[in-house]
Amino acid sequence: AQTVTQSQPEMSVQEAETVTLSCTYDTSESNYYLFWYKQPPSRQMILVIRQEAYKQQNATENRFSVNFQKAAKSFSLKISDSQLGDTAMYFCAFGSQDNDMRFGAGTRLTVKP
Amino acid sequence: NAGVTQTPKFRILKIGQSMTLQCTQDMNHNYMYWYRQDPGMGLKLIYYSVGAGITDKGEVPNGYNVSRSTTEDFPLRLELAAPSQTSVYFCASRAGWGATSGSYTFGSGTRLTVV
């Protein structure tokens, strides 16, 4: 079974600085997708970034980028120029055609002014 | 675009009562899901559906039932509510896997308390 592990329950960062959230996963599949979702206090789940496993190039979305290491089964999220609005729970998730999305336990990120 | 709509947003149930959480999507997605999120935890899959008339169990199906009579609607039924079912419930949908799909669209969640 697929598992997703986020080993950092909580993190904090100063506004305008860079922070990296870690995620590892376990799977025997070769074709899958990885996601980072943001959950602010409003509770809404918001897609931050997605990565297809067959792509070697790391995905980027504005201030958000990933470091995808397929052999190591690692998928970290880097947030550059952190903003107060980035304060939220961040969930790493794994999905594939044969298995539906599995989530990590989350990392609570606080951006300090 | 309404996306995924869940109702109600909040509900308090007494032990042993039953209720249905409603979920509707207007994106013509075949795949729909119900997750629960316990405090400080990630999301766990309760039930899912790959199309109208087809449903299957996820990780934590006990105490719940679902139906999928139309593409748009995927209600979750709680029978004989128990305190262990106190949680936030999310409905989600997605199109098929592909270059621009695969990611889920989530509803805004239902906070359920069983007392």
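As the structure is a computational prediction, the values presented were derived from the model and not from experiment.

Asker: What exactly am I supposed to notice about the side chain of Glu52 of chain A here?
Answerer: Residues and elements named next belong to chain A. Within the secondary structure, Glu52 sits in strand S6 (residues 46–52). Looking at Glu52, the relative accessible area reads 5%, which means it is buried. Looking at Glu52, its side chain comes within polar contact range of the side chain of Arg50, at 2.8 Å.

Asker: It is not clear to me how the packing of aromatic side chains should be interpreted in this structure. Could you clarify?
Answerer: All names here are of chain B. For the coordinates displayed, the defined rule picks out 19 aromatic pairs over all chains. Pairing Tyr33 with Tyr104 gives two aromatic rings, centres 4.5 Å apart and planes at 15°, and the pair type is stacked. Taken together, the residues Tyr33 in strand S4 (residues 31–37) and Tyr104 in the loop between strand S9 (87–94) and strand S10 (105–106) connect sequence positions 71 residues apart. The buried category is assigned to Tyr104, whose relative accessible area is 4%. Measuring from ring centre to ring centre gives 6.4 Å for Tyr35 and Phe106, while their planes differ by 45°; the resulting arrangement is tilted. Highlighted residues: Tyr35 in strand S4 and Phe106 in strand S10, separated in sequence by 71 residues.

About the criteria used
- Residues numbered from 1 in each chain as written.
- Chains lettered and ligands numbered in written order.
- Predicted model: local features only at pLDDT ≥ 70, side-chain atom pairs only at ≥ 80, totals over all residues.
- Heavy atoms only, no water.
- Helix = DSSP H or I, 4+ residues; strand = E, 2+ residues; numbered from the N terminus.
- Buried < 20%, exposed > 50% of the residue type's maximum accessible area, 1.4 Å probe, protein only.
- Polar contact = N/O pair within 3.5 Å; in protein donor to acceptor, adjacent residues only side chain to side chain.
- Phe/Tyr/Trp six-rings, centres within 6.5 Å; stacked < 30°, edge-to-face > 60°.

Shape is all these values report; function is a separate question.
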